[in-house]
Amino acid sequence: MEKSARFTGVTKPDEVTRPPRKFVRYLAAYLFSLPYLILMLAFGIGPAIYALIISFTSYKNGRPQYFGAGLSNYSKAVSDFRFGSAIGNIAQYLIISIPVGIFGVISIALLLHARQGRYTDFLRTLYFVPGAVAGPTAILLAIFMFDPRLSPFAPLLKAFGFQTITDVARIQNLPVMITLIGFFSGTGGWVAIFYGALQGVSRELLEAALIDGCSAFQLAIHIKLPMIYRYVVFMFILTFAGHIQLFAEPLILNDISAGNTIAGPTYSPNMLSYFLAFSEGNFGAAAVISLLMVLVGLLGAFIIIYGTKFYKTDATVAS
Amino acid sequence: MKLLSVKPWRFHFLVLVSLCFGLVLAACGDNTPTAATGATTAAAGATTAAAGATTAAAGATTAAAGDPNATITVWVDDTRKPAITQFQQKFPDQASKIKIEVVGRGGFPGKVLLFNNTGKGWPDVVFAEPNLVAQVADTAHNYPLDLTPYVSADIKSKFAGLDDCIFDGKLFCLRNDLAQNVLWFNKKLMDQFGYTVPKTWEDYLALGLKVAQEHPGYVIGSVGDNQAAETFFGGSNCPLQRSLGNSQVLINTADPNCTRVAGMLDKLIAAKAVSKLGPFDPDFAKLGADNKILMLPAASWYGQYVFKATYYKANPTDGQLGVAEPPKWAADSKTYTAAHGGAAWTVFRNTKNPKLATDLILWLTTSNDYQATAPTYPAYIPAADAWHATIQNDKIYAFDPYPVLKTSASYLYPEWSPVRYDGLTSYAKIVNAGLKDGKTVASLMEPLQKDLVPLAQAQGYEVVTKSP
């Protein structure tokens, strides 16, 4: 409040103070965002521009001919015989993993917030613990969890008719398996974020609702959830952008079979891109698929941001 | 508020745009010299190639050009690292010129593409399977050196399985070891049940059905992973991957040589004489520990590394493991066998020290100093004869397995050839997965064909279904 009063204040003569203040203010802002900008340029925008150049490049005897390919890499990538199934697989995975992830995280966060206390704090930490296991390690651990011979969930797996790990690890089960892996390693972090968001909901409002006869369930659905919906949108954007890049999970799960064939080498678009580049030597088509993933991620984010007035609400709330 | 909300945006936008622009410029700036260097290197490469061509034309004896003092980088796995160290000890004057790097060779073809891109970094000598050599032999990778001028006809003739190293008439590698398929069997059980070891696949089928009747629970093979493609289909001269030069491949799963295998396997699978488990599945290992494996067609290294190290480890049973030549189809004039594994040494086309690189791989593959005690069956026949001592007196065998292994190595045939695409993964994806869904091998032959053909085409092969 104080800040905005200072900025819009009309009492101080603008022409005297503004030029140096503006410069200093912006300099500070840029200094603060510089590390991020440098990293984003080096590892985000830079590689994307390089991929754009490579996507028009052809190779002769292993040497790049820049802009020598025209659009042929684009037609090659899209008409590749594995492209359709990779898109189909990722769509299947997104349809399962995103709703499960968001619904699960919201439910856990709301449940935790409904009954606060030491027990809840303990649970919150407990949910967070699996997140400490880094990506590939979590997948290796998951392989043991999915093995009916070793898993603590063996009775459940056997109830589904699975006797060995090779019964479980089938290509048709992969979307669910990868969703579970992602859920258990990622939920804790998101629950902490959502819980934090819920702590920000004003106490007066919650108390008023309770006095009006709101049940805990109604409180959660009609009061708390609308107050944190921007976080839901935020989670949607990040999980969409993250999940569409599916790569490590199918790759490591492949190792369950001696023939590396649970998911196959071209299960997701990213795997196809990797395979095209490093197994078939087609860097151009690989770059096209990477760019396509960037495009889909950006498009998804834009639709969600502008469809939900994400930033507008943010600014209104902040001021 | 208005002033602040409009102008800074434009300001931020301009800053970001100029940053991006700067980055592109920087990237281009970086690119130009690289491209130039690349061109120079390419030119240099061309010169070397030209020089190579001239030398080759001048005569095979003077093939070794380059700098005899240049350092070479050797890519090996952990198992073969001691071989290089041994060479260094044997030839101390060369020791400092060899740099050993232990790598996972699966990434070898991909790395070569990256090195081609950057114009530097190639290893000089690589330990890799012939199918990896096939991958780096295409025009995109353009990696291996034609070893023809460096290896005498006499030495070449003493190699078994060298066909896998010959691509369009060029010798791109020297075989290190062989993994020829043989028929492992449990001699004690066979004697006890009164069975004789089958000499033909027809006998193998008949015996399998008999075992299922008389001794249910005992198995005579496994179709659970992609090794089955090599043991059964490769053992029948089935054209799953018959390379017809660098640009053509014959794939025809409907060939009678393939359908006869599918028919046999379906009967044996239905009778449960052949297991749907893979040989490395823990449940299959349990069959081994329970002494339920009556026969197992598999690679030559199974004796030491699977039967001894896994199946018979828990209950050591001396003197029961026998080995027989792979069965032959009655209608065929000869026995065919494929391999599961077995690697080779390949050299970089533009290595600075071709003399040392080729001397090294010749020593590695042919010298008894290393091969006589090597971990796996040597491809060089005189070395294999010396290697014989390592298994001759092993108590696990019912009899000396070496003569059978040696004869079986001679059944490796050039029509089962390394190709640039991964046909085995395709086999596992279609056939192994299909079997688990309860389908028959015969019904999966057509889907396998459909999966293999575009895979081969993506690698630039023209696919034909008949021998030209």
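The rules behind each value
- Residues numbered from 1 in each chain as written.
- Chains lettered and ligands numbered in written order.
- Predicted model: local features only at pLDDT ≥ 70, side-chain atom pairs only at ≥ 80, totals over all residues.
- Helix = DSSP H or I, 4+ residues; strand = E, 2+ residues; numbered from the N terminus.
- Buried ≥ 20, exposed ≤ 12 C-beta atoms within 10 Å, placed from the backbone.
- Contact = placed C-beta atoms within 7 Å.
- Domains from an automatic or database assignment.
- Nonpolar A, V, L, I, M, F, W, Y, C, P; charged D, E, K, R; others polar.
- pLDDT = per-residue confidence, 0-100.
- Pairing = 2+ DSSP bridges.

Asks: Which residues make up the overall build of chain A, and what values go with them?
Replies: The helix and strand tally for chain A stands at 16 helices and two strands. By the burial criterion, 29% of the 319 residues in chain A qualify as buried. Taking as baseline every contact in chain A between residues at least 6 positions apart, the subset at least 24 positions apart corresponds to 67%.

Asks: Go over the overall build of chain B with me, naming the residues and quoting the values.
Replies: In terms of regular secondary structure, chain B is built from 19 helices and 15 strands. Across the 468 residues in chain B, those meeting the buried criterion constitute 44%.

Asks: Can you lay out the domain arrangement of chain A for me, pointing to particular residues and giving the numbers?
Replies: Residue and element names in this part refer to chain A. Domain annotation for chain A reports domain 1 (10-54) and domain 2 (75-318). Between the C-alpha centres of domain 1 and domain 2 the distance comes to 32 Å. With four residues of domain 1 in contact, the opposing surface of domain 2 contributes six residues. Among the residues forming the side of domain 1 that touches domain 2, the class breakdown is four nonpolar, no polar and no charged.

Asks: Describe the confidence of the model for chain A, and please don't skip the residues or the numbers.
Replies: Residues and elements named next belong to chain A. Here chain A averages 84 in pLDDT, and 89% of its residues register 70 or above. The spread of mean pLDDT over the elements of chain A runs between helix 1 (residues 2-8), the lowest at 46, and helix 4 (residues 83-114), the highest at 93. A low-confidence stretch, residues 1-7 (pLDDT under 50), is modelled with two contacts involving residues beyond four sequence positions or located in other chains.

Asks: Kindly report on the sheet that holds strand 9 (residues 242-243) of chain B, identifying the contributing residues and their values.
Replies: The pairing of strands in a sheet happens through backbone hydrogen bonds and is either parallel or antiparallel. Residues and elements named next belong to chain B. Ordered in space as 9-10-15, the three strands form an open sheet in which the pairing is mixed. With one partner strand each, in any of the chains shown, strand 9 and strand 15 (462-464) form the two edges of the open sheet. Two elements, strand 9 and strand 10 (residues 248-250), share two bridges in a ladder whose sense is antiparallel. Each residue of the ladder has a partner; that of Ser243, found in strand 10, is Val249.

Asks: Can you break down the domain arrangement of chain B residue by residue, with the values?
Replies: Residue and element names in this part refer to chain B. Each assigned domain of chain B is listed here: domain 1 (60-175 + 343-378) and domain 2 (181-339 + 396-464). A separation of 30 Å is found between the C-alpha centroids of domain 1 and domain 2. Contact residues are listed per partner, giving 14 residues for domain 1 and 14 residues for domain 2. Residue contributions to the side of domain 1 that touches domain 2 peak at five residues, all from helix 5 (residues 130-136).

Asks: Can you break down the sheet that holds strand 2 (residues 98-102) of chain B residue by residue, with the values?
Replies: Residue and element names in this part refer to chain B. Pairing is mixed across the open sheet formed by five strands, whose spatial order is 2-1-3-14-6. In this open sheet, the two strands that pair with only one neighbour each are strand 2 and strand 6 (174-175). One ladder, built from four bridges, connects strand 3 (residues 125-128) with strand 14 (residues 344-347); its direction is antiparallel. Bridged to Val126 within strand 14 is Thr346.

Asks: An account of unusual backbone geometry is needed here, citing residue identities and associated values.
Replies: Although it is not a glycine, Phe67(A) sits at a positive phi angle of roughly 60°. As for its position among the elements, Phe67(A) is in the loop between strand 2 (63-65) and helix 3 (72-79). Taking the number of C-beta atoms within 10 Å as the measure of exposure, Phe67(A) has 10 and is therefore exposed. Its identity is not glycine, yet Asn237(B) carries a phi of approximately 55°, on the positive side.

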